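Close look at the chain arrangement
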2 protein chains.
Amino acid sequence: MRKIKPRTLSGFMELLPSEQVSFDTMMQKLRDSFSLFGFTPLDTPLMEASEILLAKGGGETEKQMYQLSKGDTDLALRYELTTSLAKYVSLYYNDLTFPFRRYEIGKVYRGERAQRGRFREFYQADIDIIGDGSLNILNEAEIPSVIYKALTSLGLSRFYIRINNRKVLGSFYEIIGAGDKATEIMRTVDKLDKVGSDKLSKMLSENLGLTDAQISEIISFVTYKGDPFEILDKYKGKNETFDKGTEELLTLKTLLSGFGVPESHYKIDLSLARGLDYYTGTVYETYLTDYPEVGSIGGGGRYDNLAEYFTDRKMPGVGISIGLNRLFYILQEQKLLSDDFYSSPADVLIIPMTDDLSPAVTLATSMREAGLKVQIYNEDKKFKVKVSYANKLDIPFVAFLGEDEIKGGVITVKDMTNGQQTTASSAMLTAGICDKIKELNKNPPVR
Amino acid sequence: MRKIKPRTLSGFMELLPSEQVSFDTMMQKLRDSFSLFGFTPLDTPLMEASEILLAKGGGETEKQMYQLSKGDTDLALRYELTTSLAKYVSLYYNDLTFPFRRYEIGKVYRGERAQRGRFREFYQADIDIIGDGSLNILNEAEIPSVIYKALTSLGLSRFYIRINNRKVLGSFYEIIGAGDKATEIMRTVDKLDKVGSDKLSKMLSENLGLTDAQISEIISFVTYKGDPFEILDKYKGKNETFDKGTEELLTLKTLLSGFGVPESHYKIDLSLARGLDYYTGTVYETYLTDYPEVGSIGGGGRYDNLAEYFTDRKMPGVGISIGLNRLFYILQEQKLLSDDFYSSPADVLIIPMTDDLSPAVTLATSMREAGLKVQIYNEDKKFKVKVSYANKLDIPFVAFLGEDEIKGGVITVKDMTNGQQTTASSAMLTAGICDKIKELNKNPPVR
């Protein structure tokens with residue numbers, strides 16, 4: 001038979017079993033964290049009619065979208081999860097209760113140039129709170145708390161969330177007489193970290209034609225090192241939107257400690273803009289403290305009109321998105337995945353030593369009833385190979401059942417972590433193993 | 001702005017929030033059940049190079065496959081999970097330890113004619129045990145136990161697993177002198193339930209040209225009402241494969257009670273063939289006892305050569321597959337989803353009654369620390385609307401925080417299930433709520 005060379009497409013992540021357990025555990029911890037904040041899970045189709053996914057209009061997105069047709073229907077794979085959400089809340093508006101809090105962790109597809117750490121198929125983990133007509137600022141204040149809870153649940157500790165407000169930014173440029181160029185200025189200022197303030201000044205002058213006075217105000221505003229509310233105070237009373245944005249930032253700052261976010265883990269940062277035009281209030285970006293060079297690992301913000309392509313209803317919202325495969329890739333690259341994380345497929349390997357398999361089978365069943373993950377190894381191999389199966393898979397306990405054990409109503413268990421071998425009743429040993437496994441399961445996937 | 005009418009493709013399941021919680025809980029319970037048997041999770045790409053997914057050869061499969069191209073690569077969406085597994089074990093052979101037990105719960109795509117209960121995008125939940133060169137019969141005996149555990153964990157009780165052995169079936173037809181027509185006979189006999197034995201006899205005679213003696217032997221074999229081992233015994237010693245198959249069935253029967261499968265939940269059924277040609281040993285098919293008309297809800301069997309299109313290595317295996325969307329659809333249709341299943345997005349809704357939101361935020365954080373799912377409702381609405389938000393979402397507890405409560409260091413909680421209102425310390429009420437939620441979470445999704 002002619003063989004096809006097995007391969008996986010470039011840009012498509014495929015993990016080995018123990019890595020997959022880390023990845024899945026991370027996803028589960030995110031789900032659990034999102035649930036604590038009252039987000040309900042959604043699972044929308046990966047494929048939609050092209051007109052739905054392209055409703056927002058094409059450009060770069062359309063070029064990177066995987067499109068196909070079946071019969072006479074033009075189809076596409078989703079590029080992100082927000083359009084699916086917009087369709088969902090429009091379509092099921094009457095069945096939903098607002099504010100509607102949902103999370104979705106699902107695969108998205110982008111036909112980008114494949115490169116290290118960039119994926120063509122990857123999971124996005126999104127949370128959004130969608131209001132019907134209006135949405136209280138409290139929801140914006142809560143988002144950093146969700147990020148904090150979610151990332152600490154993975155085991156991450158050294159990260160921080162940059163927070164700004166687009167109302168402040170946009171109207172600041174109005175105040176200094178550059179309101180018509182606000183979007184371009186924000187895009188340029190977003191590069192501050194990369195280029196430094198001298199280069200930034202030059203770009204603002206040469207590319208956008210700002211005056212020296214304007215540039216100097218911008219630079220001192222976005223690089224202000226003291227309490228940001230001091231410099232915000234300087235511009236108070238000059239523009240209503242600016243004052244509203246300042247008030248929103250103050251509300252956030254006031255509530256964040258109550259929401260359990262330590263001061264070490266967020267920073268109100270007047271230079272943060274986030275590229276996308278549709279943010280209209282608070283914006284967020286999350287960074288690994290020790291690895292600023294990898295860039296944001298997740299972000300989002302407040303927007304005013306989620307579903308304008310599908311409905312006349314005004315649905316403002318706030319949300320964030322984390323790209324999980326990229327995050328996982330970074331954690332792997334930076335050696336931040338924990339060696340102590342327990343990813344064995346089984347807690348116990350039972351090796352039957354008699355022809356009659358019933359005692360081994362009964363033991364397996366009772367251990368599973370106790371919640372243990374159990375495999376029975378009965379392949380026709382040498383004893384050494386059987387034990388090495390447990391070693392290779394990091395199975396921490398091996399149970400032997402020979403004539404003597406069966407007669408005596410006991411089992412022999414070897415703790416593979418220290419080589420200790422114990423013979424006792426299965427009930428007693430099962431209880432002991434359960435305790436040890438519980439300990440092992442406490443270690444989070446990230447160090 | 002021009003609006004696009006929001007819609008979801010026909011044949012693509014999209015659930016409302018409370019239904020999604022049931023569906024997700026079912027998936028989680030399957031994962032937990034599979035894990036108890038030492039299956040490790042995999043998550044292979046949904047998209048592969050076409051040549052990989054079509055390695056087996058096309059036919060009906062190819063017609064129904066979603067195919068596309070990007071650049072100069074021909075791509076396709078997976079039609080089932082087995083080909084991805086075959087590719088995986090071939091590609092990562094050196095990194096894996098055999099027998100290799102994996103489960104995968106993932107979406108697959110079939111461009112079938114959409115009809116009620118048939119989906120174009122649906123989840124398959126697959127488990128497989130792959131051997132390297134050989135695989136012990138114990139693995140085949142374990143599969144019904146996995147099915148039993150998985151389905152009972154969902155809350156299902158009235159189902160049974162039909163079990164047969166392809167070695168027995170194939171060689172039985174050899175024994176009666178019809179070995180050359182074995183495959184066609186099996187396909188025909190598979191229709192026994194639908195057409196009855198008279199019609200079956202006619203088909204065997206007219207379509208396959210079997211003699212009356214052969215037909216009578218077939219009918220009495222596949223419709224035998226007594227202990228199947230009685231009739232198997234009649235043919236003993238006539239064919240080596242037949243005897244091997246009989247022995248395998250006997251091993252299964254002997255071990256199933258040790259594996260915890262009650263006699264009421266399986267049946268050795270000599271008429272069961274399963275369509276697919278590649279099964280070579282035990283085969284399984286699962287039915288809802290009270291709804292035989294909906295057909296099998298999951299099945300599988302033993303095969304000898306998983307990855308023959310990708311590698312020369314012989315990798316025998318055994319596995320089963322459950323189509324989750326169809327199962328969910330049937331459970332919904334048959335009103336088998338439980339009304340007692342708890343699917344609210346939040347356990348507690350906190351309604352702040354003061355301008356200062358800090359006490360409400362702090363309360364939310366401490367309740368979340370205790371593991372409760374909490375939302376704070378601070379939209380600018382009338383009190384009645386705030387409470388009705390909890391009602392609409394079936395949130396069982398509402399906590400009020402007014403001036404009096406804040407001064408007194410207490411909170412007021414209303415139990416929405418019975419209308420009782422209690423004022424006490426937040427620690428005390430949190431503990432009480434946790435207990436009640438624990439009770440609510442005990443109800444499985446299926447009745």
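Below: a short report on this structure. (Residues numbered from 1 in each chain as written. Chains lettered and ligands numbered in written order. Predicted model: local features only at pLDDT ≥ 70, side-chain atom pairs only at ≥ 80, totals over all residues. Heavy atoms only, no water.)

1. Examining the pairing of strand β5 (residues 100-109) of chain A
Residue and element names in this part refer to chain A. Stated formally: Only protein chains enter the area calculation, which uses a 1.4 Å probe; residues under 20% of their type maximum are buried, those over 50% are exposed, and those in between are partly exposed. Only DSSP runs of H or I reaching four residues or more are called helices, and only runs of E reaching two or more are called strands; each is numbered from the N terminus. What makes two strands pair is DSSP finding at least two bridges between them.
Counted residue by residue, β5 has ten buried out of ten residues, so it is predominantly covered. The alternating pattern of β5 places Phe100, Arg102, Glu104, Gly106 and Val108 on one face and Arg101, Tyr103, Ile105, Lys107 and Tyr109 on the opposite face, and all of these are buried. Sheet analysis places strand β1 (residues 40-41) next to β5, joined by two bridges and oriented parallel. Bridge pairing links Thr40 to Arg102 in β5.

2. Description of the sheet that holds strand β13 (residues 374-376) of chain A
The pairing of strands in a sheet happens through backbone hydrogen bonds and is either parallel or antiparallel. Residues and elements named next belong to chain A. Worth spelling out the cut-off: For every element, the axis is a line fit to its C-alpha atoms; helices are fit only across the contacting stretch, and the angle between N-to-C directions ranges from 0 to 180 degrees.
Read across the open sheet, the five strands follow the order β13-β12-β14-β15-β16; overall the sheet is mixed. Both outer strands of the open sheet, β13 and β16 (421-424), are each paired with one neighbouring strand and no more. Between one strand axis and the next, the sheet turns by 25° as a mean value, whatever way the strands run. Where strand β14 (residues 397-401) and strand β15 (residues 411-415) come together, four bridges link them in antiparallel fashion. When the sheet's bridge partners are listed, Ala399 is paired in β15 with Val413.

3. Digging into the sheet that holds strand β3 (residues 67-70) of chain A
Residues and elements named next belong to chain A. The three strands are arranged β2-β4-β3 in an open sheet whose pairing can be described as antiparallel. Edge positions in the sheet fall to β2 (47-49) and β3, since each has one partner strand and no second. Across the sheet, the mean angle separating the axes of adjacent strands is 40° when strand polarity is ignored. When β2 meets strand β4 (residues 73-77), the two strands line up antiparallel, connected through three bridges. Residue Ala49 lies in a different strand from β4, and its bridge partner there is Leu75.

4. Side note on the interface of chain A and chain B
Test applied: Contacts are assigned to residue pairs that have any heavy atoms within 4.5 Å of one another. Throughout this description, the term salt bridge denotes a Lys or Arg side-chain nitrogen within 4 Å of a carboxyl oxygen of Asp or Glu. Think of a polar contact as two N or O atoms within 3.5 Å of one another; within protein, one of them needs to be a possible hydrogen donor and the other a possible acceptor, and neighboring residues in sequence only count if both atoms come from side chains. Basically, the charged four are Asp, Glu, Lys and Arg, the nonpolar ten are Ala, Val, Leu, Ile, Met, Phe, Trp, Tyr, Cys and Pro, and anything else, Gly included, counts as polar.
Contact residues are listed per partner, giving 101 residues for chain A and 101 residues for chain B. Where chain A packs against chain B, one counts twelve salt bridges. Two residues, Glu14(A) and Lys87(B), come together in a salt bridge whose shortest N-O distance is 3.0 Å. The interface formed by chain A and chain B contains 49 residue pairs in polar contact (both at pLDDT 80 or more). The element best represented in the side of chain A that touches chain B is helix α1 (residues 17-36) of chain A, accounting for eight residues. Partitioned by chemical class, the residues of the side of chain A that touches chain B number 50 nonpolar, 25 polar and 26 charged.

5. Here's the deal with the packing of aromatic side chains
Cut-off, in case you're wondering: Each aromatic pair joins two rings of Phe, Tyr and Trp (for Trp, the six-membered one) with centres within 6.5 Å, and gets the label stacked for planes under 30 degrees apart, edge-to-face for over 60, and tilted for any other angle. In this analysis the charged atom, NZ for Lys or CZ for Arg, is taken to sit over a ring once it is within 6 Å of the ring centre and within 35 degrees of the ring normal.
The full count for this structure, using the stated rule, is 42 aromatic pairs over all chains. Here Phe383(B) and Phe400(B) contribute two aromatic rings whose centre-to-centre distance is 5.6 Å and whose plane-to-plane angle is 40°, an arrangement assigned as tilted. Within this pair, whereas Phe383(B) is found in helix α14 (residues 383-392), its partner Phe400(B) is found in strand β14 (residues 397-401), the two being separated by 17 residues in sequence. An aromatic cluster is built from Tyr88(A), Tyr92(A), Tyr93(A), Phe98(A) and Phe100(A), whose rings are joined through pairwise contacts. Directly above the ring of Tyr66(B) sits Lys70(A), whose terminal nitrogen or CZ lies 5.2 Å from the centroid.

6. Quick look at the packing of helix α1 (residues 17-36) of chain B against helix α5 (residues 137-154) of chain B
All names here are of chain B. Defined as follows: Handedness of a helix crossing follows the sense of rotation of the near helix relative to the far helix, less than a right angle counterclockwise being left-handed and clockwise being right-handed.
Interaxial distance between α1 and α5 falls to 9 Å at its minimum, and their mutual angle equals 150°. Here α1 runs over α5; the crossing is right-handed. Between α1, through Met26, Lys29, Leu30, Ser33, Phe34 and Leu36, and α5, the contact on the second element is made entirely by Val146, Lys149, Ala150, Ser153 and Leu154. Broken down by class, the residue content of the contact of α1 with α5 amounts to seven nonpolar, two polar and two charged.

7. Describing the environment of Gly301(B)
All names here are of chain B. Positionally, Gly301 belongs in strand β10 (residues 298-303). Owing to a relative accessible area of 0%, Gly301 belongs among the buried residues under this scheme. Residues Gly301 and Thr311, ten residues apart in the sequence, show an inter-C-alpha distance of 21 Å. Not counting residues within four places of it along the chain, the set of residues in contact with Gly301 comprises Tyr279, Thr282, Val283, Tyr284, Gly317, Val318 and Gly319.

Keep in mind these numbers describe shape, not what the thing actually does.
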